Amino acid sequence: MRDWNMKGRDRQARLEAGRRLASGKVVAAQDLVAFLEAVLRPGDRVCLEGDNQKQADVLAKALAKVDPAKVHDLHMVQSGVVLPEHLDIFETGIARRLDFSYSGPQSARIARMMFGGRIELGAVHTYLELFARYFIDLTPQVALIAAVSADRAGNLYTGPNTEDTPTVVEATSFGKGLVIAQVGEIVDQVPRVDIPADQVHFVVNAQRPFYVEPLFTRDPAAITETQILTAMLAIKGLYAPYGVRRLNHGIGFNTAAIELLLPTYGERLGLKGKVCTHWALNPHPTLIPAIESGWVEQIHCFGSEVGMEDYMRARPDIFFTGPDGSLRSNRAFCQTAGLYACDMFIGSTLQIDLAGNSSTITGSRVAGFGGAPNMGSDARGRRHPSAPWLRAGQEADPTGAPALRRGRKLVIQIGETFGDGNAPMFVERLSALDLADKLDLDLAPVMVYGDDVTHIVTEEGVANLLLCRDKDEREQAIRGVAGYTEVGRARDRKMVERLRERKVIQRPEDLGIDPLDADRSLLVARSIKDLMIASGGLYRPPSRFRNW
Amino acid sequence: MENLRYELSTTTPAGGTRAVALVGVVASGNLEVLLERGEAPDRCVIDIATPAHGFADLWQAVTADFAARSAAGGLRITVNDGGARPDTVALRLAQGVRLMEKPE
């Protein structure tokens, strides 16, 4: 007769092996390596929690020390490949196969190891896509996660940086896998229960907080006048006419400039209350002045941001906070919110080709995507109407039957025509294609596909790709805002002028934007210190951003 | 230092009455633009001093677009470049023309 509970019995065996090295659920830090050798089996699918921000760093270090003769060929399924140990385990043979989303700081090494055959790559995913696979074909047998604190029963408090944890635990625990948490301390009572104890099998007291990186702090002092001009074009040329209330911003300086222009330029245009009221957004310090001046009604966060904790605690009407008062972030829910409930995504990129495909791959780096491909895509399953969505759909298909016509999410790429090191943002061929050739990938790592992009904004103007009727028009609309890059200079000038007459391209002068306004005095805050003051001292910038 | 001069025909004469305007600063990645009147109303002369050699074709493109798009007729413009990118140059030139239109 068939055994219908093999997975449950497998977990039971691991639990018993683990309990020999634990006191109740608590594993002592000095026993951690032996404990992992006892509960892990060769070939296991393992989620070593590496999120965009927080890292299960103590568990990562211990995993890198297990004996490869006992634990080997693991299949790692984790969103972030961030710490050196995340890749060290592939050097020693502890792990062999990798499915991930984002690898920012490890992007060059991961490419080298893939090329050298040390890593067998499953795929590079968007966050939501990898989370989805946790429930279908990549369910972890073991999850190694990170929390702020635990009680003795194993209830976990994940605090502001809850991020991926509930998703990882849901899939692992209910999929008959084993959940092991590192915590900063063990307390009598956790401030709130983010993960219930019956979903957590073991707890390791790391006796220090998990590693977390401030990723979303942009210093207003570094914002250029060209970025201010580009931000004005976005506000007057897109936010105002579409009336975008529900949106997500990327993490670059261009969108930081927009956030800092809302209380000045946006106010002057009479847009307060009409745009930017509801957000799927990490807690960007540069949004503080807009929040303080009453622009923002509500923000749901993917993660937290170092230094923003007290500010968010003091603004519970704006942020999602728990009974303990601190932020509750959740990457899976916020990604879903960005996909289905936002009318606009706007973000920067490093390269855009003539079809509008964009990529952040340059040279030999596999940086992954994080959430951008999900935020920056049209949700084909969306059914609720909104004014910006309907208008975008109408622009794309003016003759279609209105009641049967899909709306379109506004997916906007914004940047200066020349980026860091004078690298042109517009290229004939994406570097991602060279990387795909080199690593023999089936798919080039494209961040936002051209058919999802609706607008491109540069200092030269706004290109509305929804209004382009064929491939040639699209190419010339892109060339028409590509400035003095080689792509821009190779434009068909007559066609670009015709596109401008149809408002496919709009220049600053077409929108009545005064170039004299492109001045740093238009920024509502011009330094990190200004942001701190705007928050009434509640925002506590990390020391690296304090230069006073 | 490379010195470049462009004598351009324009479509629109400069507005306003201000005799002179100065925008920007000479700093790395930035530039200073001095605008004066004194040329024929259908003409604009731009003198450039730049530390970056070999970008004459780019200066040619930026100044030609500027003359075609802006109310630059009658202006004599002196550029002190600090190695600015083309987008910054175009912004400064546009700011200079706007400043000439403003009352002092």
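Cut-offs applied
Residues numbered from 1 in each chain as written. Chains lettered and ligands numbered in written order. Predicted model: local features only at pLDDT ≥ 70, side-chain atom pairs only at ≥ 80, totals over all residues. Heavy atoms only, no water. UniProt positions renumbered as here; feature names shortened; annotations may be inferred. Contact = heavy atoms within 4.5 Å. Buried area = accessible area lost by both parts, 1.4 Å probe. Salt bridge = Lys/Arg side-chain N within 4 Å of Asp/Glu carboxyl O. Polar contact = N/O pair within 3.5 Å; in protein donor to acceptor, adjacent residues only side chain to side chain. Helix = DSSP H or I, 4+ residues; strand = E, 2+ residues; numbered from the N terminus. Pairing = 2+ DSSP bridges. Axes fitted to C-alpha atoms, helices over the stretch in contact; angles between N-to-C directions. Domains from an automatic or database assignment. Nonpolar A, V, L, I, M, F, W, Y, C, P; charged D, E, K, R; others polar. Phe/Tyr/Trp six-rings, centres within 6.5 Å; stacked < 30°, edge-to-face > 60°. Buried < 20%, exposed > 50% of the residue type's maximum accessible area, 1.4 Å probe, protein only. Lys NZ or Arg CZ within 6 Å of the ring centre and 35° of its normal. Core = buried A, V, L, I, M, F, W, Y, C linked by side-chain atoms within 4.5 Å.

Named according to an unreviewed UniProt entry, chain B is Malonate decarboxylase acyl carrier protein originating from Nitrospirillum iridis. The Subcellular location (unreviewed entry) field of the UniProt record for chain B holds the comment "Cytoplasm".

With an unreviewed UniProt entry as reference, chain A is termed Malonate decarboxylase alpha subunit, source organism Nitrospirillum iridis.

Peer 1: Mind showing me how you'd approach the interface of chain B and chain A here?
Peer 2: One frequently used descriptor of interface size is the decrease in accessible area upon assembly of the parts. The partner chain A presents 20 residues to the 17 residues of chain B that form the contact. The contact between chain B and chain A buries some 1600 Å² in all, and 52% of this surface belongs to carbon and sulfur atoms. Remark: the boundary between chain B and chain A carries 6 salt bridges. Across the pair A:Arg493 and B:Asp65 runs a salt bridge whose closest N-O atoms are separated by 3.2 Å. For the pair chain B and chain A, the number of links is 10 residue pairs in polar contact (both at pLDDT 80 or more). Looking at which element gives the most residues to the side of chain B that touches chain A, the answer is helix α2 (residues 86-101) of chain B, with 9 residues.

Peer 1: Explanation requested: the UniProt feature "modified residue: O-(phosphoribosyl dephospho-coenzyme A)serine" (unreviewed entry) in chain B in the structure shown.
Peer 2: UniProt marks B:Ser28 with the feature "modified residue: O-(phosphoribosyl dephospho-coenzyme A)serine" (unreviewed entry), using the numbering shown here. Structurally, the position occupied by B:Ser28 is in the loop between β2 (20-24) and β3 (31-37).

Peer 1: Explain the sheet that holds strand β1 (residues 2-9) of chain B to me, please; I cannot follow it from the model alone.
Peer 2: Across a sheet, paired strands are connected by hydrogen bonds in the backbone, their directions being either parallel or antiparallel. Residues and elements named next belong to chain B. In space, the 5 strands of this open sheet follow the order β1-β4-β5-β3-β2, with mixed pairing throughout. Pairing within the sheet leaves two strands with one partner each, and these edge strands are β1 and β2. Sheet twist, expressed as the mean angle between neighbouring strand axes with direction ignored, is 15 degrees. Across the sheet, helix α1 (residues 56-69) is in contact with β1, β4 (43-50) and β5 (75-81); its angle to β1 comes to roughly 30 degrees.

Peer 1: What exactly am I supposed to notice about the domain arrangement of chain A here?
Peer 2: Residue and element names in this part refer to chain A. Domain boundaries assigned for chain A yield domain 1 (12-212) and domain 2 (220-530). Contact residues are listed per partner, giving 34 residues for domain 1 and 33 residues for domain 2. Taken over both partners, the interface formed by domain 1 and domain 2 buries close to 2500 Å², and the fraction arising from carbon and sulfur atoms is 59%. Applying the counting rule to domain 1 against domain 2 returns 4 salt bridges. Between Asp194 and Arg328 there is a salt bridge, with its nearest N and O atoms 2.7 Å apart. Across the contact surface, domain 1 and domain 2 share 21 residue pairs in polar contact (both at pLDDT 80 or more). For the side of domain 1 that touches domain 2, the secondary-structure elements that each account for two or more residues are α5 (107-115), β6 (120-124), α6 (127-134) and α7 (165-174). For the side of domain 1 that touches domain 2, the leading source of residues is α5, giving 6 residues. Of the residues contributing to the side of domain 1 that touches domain 2, the split by class is 17 nonpolar, 12 polar and 5 charged.

Peer 1: So what exactly am I meant to see when it comes to the packing of aromatic side chains here?
Peer 2: Each aromatic ring pair is characterised by the separation of its centres together with the angle its planes make. Residue and element names in this part refer to chain A. Evaluation of the coordinates by the stated rule reveals 4 aromatic pairs over all chains. When the ring of Tyr127 is compared with that of Phe131, the centres are 6.3 Å apart and the planes differ by 15 degrees; the resulting orientation is stacked. With Tyr127 and Phe131 both in helix α6 and 4 residues apart, this pair spans about one turn of that helix. With respect to burial, Tyr127 and Phe131 carry one shared label: buried. Where Tyr311 meets Phe319, the ring centres are 6.4 Å apart and the plane angle is 75 degrees; that geometry is what we call edge-to-face. By relative accessible area, which is 4% here, Phe319 ends up buried. Following the ring pairs from residue to residue traces out a cluster consisting of Tyr127, Phe131 and Tyr134. Directly above the aromatic system of Phe253 lies the positively charged group of Arg218, at a separation of 5.7 Å from the ring centroid. If you follow Lys438 out to its NZ or CZ, it ends over the ring of Phe115, 5.0 Å from the centre.

Peer 1: What's the story with the nonpolar core in this structure? I'm lost.
Peer 2: It is characteristic of soluble globular proteins that their nonpolar side chains tend to be buried jointly. Residues and elements named next belong to chain A. In terms of nonpolar packing, the biggest core is built from 59 residues, with Tyr239, Leu261, Trp279, Ile299, Phe319 and Met344 touching the most fellow members. Broken down by element, this core gets its largest block of residues, 10 residues, from helix α8 (residues 225-242). Residues contacting Ile299, with those up to four places away along its chain left out, are Trp279, Leu281, Leu287, Ile291, Ile318, Phe319 and Phe320. By size, the runner-up hydrophobic cluster in this structure holds 53 residues, among which are Ala22, Leu40, Ala111 and Ala444.

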